Structure formats: structure tokens, C-alpha cells
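Structural description and commentary
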Amino acid sequence: MTADDPAIQLQAGRKLGSRYRVESLIGQGSEGAVYSVVDISTGIRRAAKIFGTHADRRGRLSTRHAQKLNRLRYCHIVLQYLHSETVRIKGRSLTALVSELCEGVPLEKFIAQQPGKRMSTFMALSLFQVLVEGLEEVHLSGEYHADVHSQNIMVQPRGVGFEIKLIDFYEWGKTTKSKQQQDILDAVRVFYEMLGGRRFYARLPDEVKYIMAGLQTKHILKRFPAMSDLSLYLSTFEWTSMT
Ligand SMILES: Nc1ncnc2c1ncn2[C@@H]1O[C@H](COP(=O)(O)OP(=O)(O)O)[C@@H](O)[C@H]1O
Ligand SMILES: [Mg+2]
């Protein structure tokens, strides 16, 4: 069941569980739908991800997601999970994962809003460093994301830098080096997307191309076998093409 299914299409103003009122649909995918909701007693806005019954047989998927987000609660880049709630929608019991409502916009949209639909080198490097340091924290706490792409990264420019939140983690069993390395490859691809992808690759500075390595898996992982290696590079590399 997806948000297209009438059972999960919720009217604004409708009550959700005992505590929330639905505001609007903010996202939908294969697992269910995400709504912004308002906590009736405090007026605080939250996000509720409602899992469809097919995707969430006996609540297993939503439980695994909640447990993973809970394990990552001290990583500041991770969306803060609050609690799960069983909600009745058209006679069915579904699970809603209630989290903080992220400010800002998905990175994909943020890139599309930039002049020429790409970020400047410095802006991209600055945002990429925040992403890499956040993922490094996730990896050092023994976890992985498994679905790093520009719709799962919420961006909020703040001061001279960026705050970002990672949403939509996947839980595919125990952490392995190859699952963490997939996050490295996916993060590098996101960086490539920030800088205009193939259209601009040839014009990028050598220091940036060193990270992307022509998007060749073997070369990227040889240079950066762990997220910490990429993080170290970003805070120490020397510019040769800029004086
Ligand atoms: N906590 C949140 N705050 C703000 N927007 C959110 C939040 N969670 C999800 N979204 C929006 O909803 C979309 C879909 O949510 P996501 O958790 O990625 O589910 P899916 O499995 O459908 O990709 C996201 O790309 C984002 O735009
Ligand atoms: Mg997503």
C-alpha cells in the first residue's frame, strides 16, 4: 500500500491517533506516506511516517526502523525519532513513526534552486564536509545508512554553513565494511550531483576530481576505504589550483 491507496490518503485537519492532527502530505514512497502533523496539546509540529500494511507486515519493518533510529539518537546529523504510535485508518491498524519535523528542503530540491542548477565548488565542498562528518559519526557508532541520496538529505543553510539531517535509513542486517563503503560511494555521487554531474566534471578543480575519481568504485575506495579517510582528506587537503 502506498499513499496513492485511498486508505492512507489523509484529509488535513483529521485526527491521527490520540495526540496529533494531520497538516499535509510531505512525502510518499514504497513503504508508506509522510505527513506533517501537529501535536494537539502543545501545538508543536512533527513528522509522522505511516507505514502501509503490505510494507510493514506485523509491524516488523517500522519496529526495525524505530530501533535503528533509536540506536543513532546521539548522532546529531540523524533525524530525531520520538516514538511510534498505532493509528486506525479506515478500520486498519497502521504504525506511525513520529519524528522531529526537519526544517529546510531535500538536497535534490536545494540543488535545483541554485543558479544553473548546480552549487559553487566552495558551497558544495562545505555541505559535503558536513555530510561526510555526519556519516563518519554514524559509521563510528557501528551503523550504516544504506540509502544515501539527495532526497534523503534535508538541507538548512545556517549562518555561513549548513545544517543537514539524514532521513530514511535502511535496516539490512548487521553492519559490514561493504555496507559502509556503499555509503561512501553514494555520498561521493551526491557530491557529484551537487556540482552539476557530467556536464561540469571536466571543469572541476583537481582536488575535487580526486574525490570523485571519475566515479570509479575501485579508485574511490582505494583512496577512501573508510568514511574517516574522506573526512580527513576534506579537512587537510592542500589547494594546488588556487593561489
Ligand atoms: N522528518 C521529516 N521532516 C521533513 N520532511 C520529511 C521528514 N521525513 C520525510 N520527509 C519528506 O518526505 C520524503 C519521503 O520520506 P522518506 O522517509 O525518505 O520516505 P520514503 O521511503 O518514501 O523515501 C522525504 O524525501 C522528505 O522530503
Ligand atoms: Mg526517502
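Look up: the structure comes first, before these words.
Just so you know, these numbers come straight off a predicted model, no measurement behind them. (Residues numbered from 1 in each chain as written. Chains lettered and ligands numbered in written order. Predicted model: local features only at pLDDT ≥ 70, side-chain atom pairs only at ≥ 80, totals over all residues. Heavy atoms only, no water.)

1. Remarks on helix H4 (residues 177-194)
Residues spaced three or four apart along an α-helix point in a common direction, a consequence of the helix completing one turn every 3.6 residues. Given a rise of 1.5 Å per residue, 18 residues ought to cover 26 Å, and the 26 Å separating the end C-alpha atoms of H4 matches this to within 8%. Burial in H4 covers these residues: Gln180, Gln181, Asp183, Ile184, Leu185, Asp186, Ala187, Val188, Val190, Phe191, Tyr192 and Met194. A positive backbone phi angle near 95° is found at Gly196, which sits one or two residues after H4. (Helix = DSSP H or I, 4+ residues; strand = E, 2+ residues; numbered from the N terminus. Expected span 1.5 Å × (residues − 1). Buried < 20%, exposed > 50% of the residue type's maximum accessible area, 1.4 Å probe, protein only.)

2. What to know about the sheet that holds strand E9 (residues 161-166)
Note: strands within a sheet are paired through backbone hydrogen bonds, in either parallel or antiparallel orientation. Pairing is antiparallel in the open sheet, where 3 strands are placed in the order E7-E8-E9. Whereas interior strands pair on both sides, the edge strands pair on one side only; in this sheet they are strand E7 (105-106) and E9. Strand direction decides the pairing type here: E7 and strand E8 (residues 153-158), joined by 2 bridges, are antiparallel. Bridge pairing in E8 links Pro106 to Met154. Against the sheet, helix H3 (residues 121-140) engages E8 and E9, with an angle of about 40° to E9. (Pairing = 2+ DSSP bridges. Contact = heavy atoms within 4.5 Å. Axes fitted to C-alpha atoms, helices over the stretch in contact; angles between N-to-C directions.)

3. Some words on unusual backbone geometry
Of note in the backbone geometry, Asp168 takes a positive phi value of approximately 60° without being a glycine. Mapping Asp168 onto the fold places it in the loop between E9 and H4. Overall, the relative accessible area of 21% leaves Asp168 in the partly exposed class. Residue Ala213 is not a glycine yet carries a positive backbone phi of 45°. Its place among the elements puts Ala213 in the loop between helix H6 (206-212) and helix H7 (217-223).

4. What to know about the coordination of the magnesium ion (ligand 2)
Within the first shell, the magnesium ion (ligand 2) binds the protein through Asn152 (OD1) and Asp168 (OD), at distances of 2.1 to 2.2 Å. Here Asn152, found in the loop between H3 and E8, pairs with Asp168, found in the loop between E9 and H4; they are 16 residues apart in sequence, far enough to count as distant. (Donors = N, O, S within 2.8 Å, 3.2 Å for Na, K, Ca; no water.)

5. Topic: helix H1 (residues 60-71)
Between its first and last C-alpha, H1 extends 17 Å over 12 residues, near the 16 Å set by a 1.5 Å rise per residue. Residues of H1 that are buried make contact with strand E4 (45-51), strand E5 (81-89) and strand E6 (92-100).

6. Some words on the environment of Arg71
Note on placement: Arg71 falls in helix H1. Sequence separation between Arg71 and Ser141 is 70 residues; the distance between their C-alpha atoms is 8.7 Å. Dropping the residues within four chain positions of it, Arg71 is found in contact with Glu143 and Glu171.

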